[in-house]
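The primary structure of each chain is shown beneath.
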Amino acid sequence: MDFTDQVAIVIGGSGAIGSAVVKMLAESGARVMAGYHRNAAAAAQVVAACQDTRGDVSAHWVDVRDPQSVETLVGATIEAYGRLDAMVFCAGAMRFTPVEAINVAQWNETLTLHLDGVSNACRAALRRMMRRRYGRVVAVAALHGLAGGPQQADFSAATGGVFGLVRTLAREAAPWNITVNAVAPGLIETPQLATIPAEMRRWGERVIALRRVGKPEEVAAAIVFLASPLASYITGQTLVVDGGWRMAP
């Protein structure tokens, strides 16, 4: 895939999957703004790791829960690179809490980060993309939004909402030649995987058709494809990247 002269924002660009997306885009010639929130050191490492690629990578702090912060990120990207072709949302976190123990604060915090965060990113990007009548938006959620996650009612609800939002935005943005899609990873080798109970991981590895946990680069490949000009006739879809865990129509 060739991203020469294209500009992308990767929110969550310092994380395991996000950094893999940043590197893959930069290797394909893109100019990339990696949005980060908590880990400035990791973001700096991502920028350094991409110095010898065909593209260019910068990093910018962002709080996806704050619409103005996202607007600032998008504005800084356009000021630095002159345009915006792709918005990728990879930010997120999860925890395990039985539904009866989830308090209002945790529920709201989870939905604000995942669902409001995607909404803020999409709205900020779409306005700029509509002016140029081109764009790619890819929101990374989770398999939980399709299949449900035990002790993760808040995370499952938030990611399920992301899939509904993606389908609606895909219809609304289509007249401007903008596609909006989602990616739903399964068990992927990221730091968050360490928070999963051991018995759940063992069960997952047994039922996954490929009998293994996925790699961040394998998810990144799907994201980068959907963010590319090659995916011009794909919109409103959720691409499941789970090694054959959930094979359902």
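Residues numbered from 1 in each chain as written. Predicted model: local features only at pLDDT ≥ 70, side-chain atom pairs only at ≥ 80, totals over all residues. Heavy atoms only, no water.

Caption draft 1: The overall build of the protein chain, seen in detail. The helix and strand tally for the protein chain stands at 8 helices and 7 strands. The C-alpha atoms of the protein chain give a radius of gyration of 17 Å, which matches the 18 Å a tight globule of 249 residues would have. Along the three orthogonal principal directions, the C-alpha set of the protein chain runs to about 50 × 35 × 35 Å. In the protein chain, buried positions account for 49% of the 249 residues. Long-range contacts, defined here as pairs at least 24 residues apart, represent 77% of the contacts in the protein chain between residues at least 6 apart. Split by element, the accessible area of the protein chain, about 11400 Å² in all, is 54% carbon and sulfur. (Helix = DSSP H or I, 4+ residues; strand = E, 2+ residues; numbered from the N terminus. Rg over C-alpha atoms; globule rule 2.2 N^0.38 Å. Buried < 20%, exposed > 50% of the residue type's maximum accessible area, 1.4 Å probe, protein only. Contact = heavy atoms within 4.5 Å. Areas by Shrake-Rupley, 256 points an atom, 1.4 Å probe, with all protein chains shown as cover.)

Caption draft 2: Spotlight on helix 4 (residues 104–132). For helix 4, with 29 residues, the first-to-last C-alpha span of 41 Å sits near the 42 Å given by 1.5 Å per residue. Largest kink in helix 4: about 35°, centred on T112. Among the residues of helix 4, the N-terminal cap falls to N103, whose side-chain oxygen and the backbone nitrogen of A105 are separated by 3.2 Å. Taken from the residues just after helix 4, R133 is the one with a positive phi, measuring 55°. (Expected span 1.5 Å × (residues − 1). Bend = angle between axes of the 7 residues up to and from the residue. Polar contact = N/O pair within 3.5 Å; in protein donor to acceptor, adjacent residues only side chain to side chain.)

Caption draft 3: Geometry of the packing of aromatic side chains. Taken as a whole, this structure holds 1 aromatic pair when the rule is applied. A ring pair is formed by W203 and W245, whose centres lie 5.8 Å apart and whose planes are at 65°; its orientation type is edge-to-face. Of this pair, W203 sits in helix 7 (residues 198–207) while W245 sits in the segment after strand 7 (238–241), and the two are 42 residues apart along the sequence. The class for W245 is partly exposed, based on a relative accessible area of 24%. (Phe/Tyr/Trp six-rings, centres within 6.5 Å; stacked < 30°, edge-to-face > 60°.)

Caption draft 4: Representation of the pattern of salt bridges in the model. For the structure shown, the criterion picks out 8 salt bridges. Note that D85 and R83 form a salt bridge whose closest N and O atoms lie 3.0 Å from each other. Measuring nitrogen to oxygen at the nearest pair gives 2.6 Å for the salt bridge that ties E218 to R212. On the accessibility criterion, E218 (33% relative accessible area) is partly exposed. (Salt bridge = Lys/Arg side-chain N within 4 Å of Asp/Glu carboxyl O.)

Caption draft 5: Summary view of the environment of I234. Mapped onto the fold, I234 is located in the loop between helix 8 (216–226) and strand 7. Apart from the residues within four sequence positions on either side, I234 is in contact with T179, N181, F225 and L226.

Caption draft 6: Expanded view of the sheet that holds strand 5 (residues 135–140). The sheet built from 7 strands is open, its strands ordered 3-2-1-4-5-6-7 with parallel pairing. The open sheet terminates on both sides in strands that have one partner only, identified here as strand 3 (56–61) and strand 7. With direction set aside, neighbouring strand axes in the sheet form an average angle of 20°. By the bridge criterion, 4 bridges tie strand 4 (residues 86–89) to strand 5 in an arrangement that is parallel. Paired with F89 across the strands is A139, a residue of strand 5. The sheet strands contacting helix 4 are strand 1 (7–11), strand 4, strand 5 and strand 6 (178–185), and the helix crosses strand 4 at an angle near 175°. (Pairing = 2+ DSSP bridges. Axes fitted to C-alpha atoms, helices over the stretch in contact; angles between N-to-C directions.)

Caption draft 7: Focus on the nonpolar core. Among the nonpolar cores identified, the biggest contains 35 residues, and I9, I11, M87, L126, M129 and V180 are the most heavily contacted of them. When contributions to this core are tallied by element, the ones reaching two or more residues are strand 1, helix 3 (67–81), strand 4, helix 4, strand 5, helix 6 (153–173) and strand 6. I9 has contacts with M33, L73, V74, T77, L84, A86, M87 and V88, leaving out every residue within four places of it along the chain. Core analysis: the next-biggest nonpolar cluster, separate from the first, contains 31 residues, F3, V21, V46 and V140 among them. (Core = buried A, V, L, I, M, F, W, Y, C linked by side-chain atoms within 4.5 Å.)

Caption draft 8: Local environment of unusual backbone geometry. Phi is positive for D5, close to 75°, though the residue is something other than glycine. Position of D5 relative to the elements: it lies in the segment before strand 1. With a phi close to 60°, N177 is a non-glycine residue in the positive phi region. On the secondary structure map, N177 appears in the loop between helix 6 and strand 6. With a relative accessible area of 41%, N177 lands in the partly exposed category.

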